[in-house]
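Residue-level listing of the chains:
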Amino acid sequence: MDLVNDPQIWTLLGVFSAMMFAALGISTRYTVSTLRAEIRAVDAKHDGRADVLAARTDALAAQMAAGFAAVDARFVGVDTRFDALEQRFDDKIDGVKTQLDAKIDGVKTQLDAKIDGLETRLDAKIDGLETRLDAKIDGVEARLDAKIDHVAEVVGIRIDSVDHRLGAVEDDLKIVKAHLLRHPAA
């Protein structure tokens, strides 16, 4: 019996080769499908984190805008109070001056001196209030700058973390690709 020319052996070899190529094709297709699904999952996760980061940045910007608006509203209120106070003082001084001019001309010199003294003290008090207000504004600005710097640092760290993770995923994909190119039958 000649084993090399036996048709049954060649048929078995052909069937076995066809089965091996089919198994290789199925496993390759399954591996490629799995890799594609994993890549899509990584992309979806990255997109979700980018959306969350954008939402947090928008919320922070809205908070900062609301804070600035509140500070502006307070300054408007302080300006209104100062204007009203100045108007009241002006009205009182004018009223006292008119009455004193009408009643006693001789006391006018004394009252003018007293009014000048009051104006000087009032100016000093207003200057003191202005200095304190400027100091408070500087404090608020310093705290706000510190908060903005902190938020920017946290956002930078989070972006660096996302970049690092994406770099690691990219490196893993390169390794898998290189492995697949070196061992296409595996």
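Here goes a summary of the coordinates provided.

Thresholds, definitions, all that
Within every chain, residues take consecutive numbers counted from 1 along the sequence as written. Totals for whole chains, interfaces and linings use every residue, but because this is a predicted model, local features are given only for residues with pLDDT of at least 70 and side-chain atom pairs only at 80 or more, for both listing and counting. Computation of side-chain values covers all heavy atoms of the structure but excludes hydrogens and water. What counts as a helix is a DSSP run of H or I of at least four residues, what counts as a strand is a run of E of at least two, and both are numbered from the N terminus. We compute the radius of gyration from the C-alpha atoms alone; for a globule the expected value is 2.2 Å times N to the 0.38, where N is the number of residues. The classification of residues rests on relative accessible area computed with a 1.4 Å probe and restricted to protein chains. Under 20% of the type maximum is buried, over 50% is exposed, and intermediate values are partly exposed. Using the Shrake-Rupley algorithm and a 1.4 Å probe, accessible areas are obtained, with residue cover drawn only from the displayed protein chains. Just so you know, the count uses Lys and Arg for positive and Asp and Glu for negative, and it drops His and the chain ends. Charge positions are represented by NZ for Lys, CZ for Arg, CG for Asp and CD for Glu. As defined here, a cavity is a set of points on a 1 Å grid over the protein atoms alone where a 1.4 Å probe fits but cannot get out. A pocket is an open set with protein on both sides within 12 Å along at least five of seven lines, and residues line them when an atom is within 4 Å of a point. Grid points are joined across faces, edges and corners, and a volume is the space filled by probe spheres set on the points. Distance and chemistry together define a polar contact, namely a pair of N or O atoms within 3.5 Å, with one atom able to donate a hydrogen and the other to accept it when in protein, and with adjacent residues in sequence counting only for side-chain atoms on both sides.

**Topic: the overall build of the chain**
Move 1: Counting its regular elements, the chain contains 2 helices and 0 strands.
Move 2: Taken over C-alpha atoms, the radius of gyration comes to 42 Å for the chain, far larger than the 16 Å a tight globule of 186 residues would show.
Move 3: Referenced to the eigenvectors of the C-alpha coordinate spread, the extents of the chain come out at roughly 155 × 20 × 10 Å.
Move 4: Burial status across the chain gives 2% buried among its 186 residues.
Move 5: With the model as given, the accessible surface of the chain reaches about 15,300 Å², and the carbon-plus-sulfur share is 62%.
Move 6: Positive and negative charge centroids in the chain, built from 25 and 33 side chains respectively, lie 6 Å apart.

**Quick word on the layout of surface pockets**
Move 1: When its volume is computed, the largest pocket comes out at roughly 780 Å³.
Move 2: Lining the largest pocket are 24 residues, and of these Val-71, Arg-74, Lys-136, Val-140 and Arg-143 lie nearest its centre.
Move 3: Among the elements of the structure, helix 1 (7-103) and helix 2 (108-182) are those that each provide at least two residues to the lining of the largest pocket.
Move 4: Of the pockets and cavities examined, the second largest pocket occupies roughly 310 Å³.

**Digging into the environment of Ser-17**
Move 1: Assignment of secondary structure puts Ser-17 in helix 1.
Move 2: Here Ser-17 falls in the partly exposed class, since its relative accessible area comes to 35%.
Move 3: Considering only alpha carbons, one finds Ser-17 and Gln-99, 82 residues apart in sequence, at a separation of 122 Å.
Move 4: There is a polar contact of 2.9 Å between the side chain of Ser-17 and the backbone oxygen of Leu-13.

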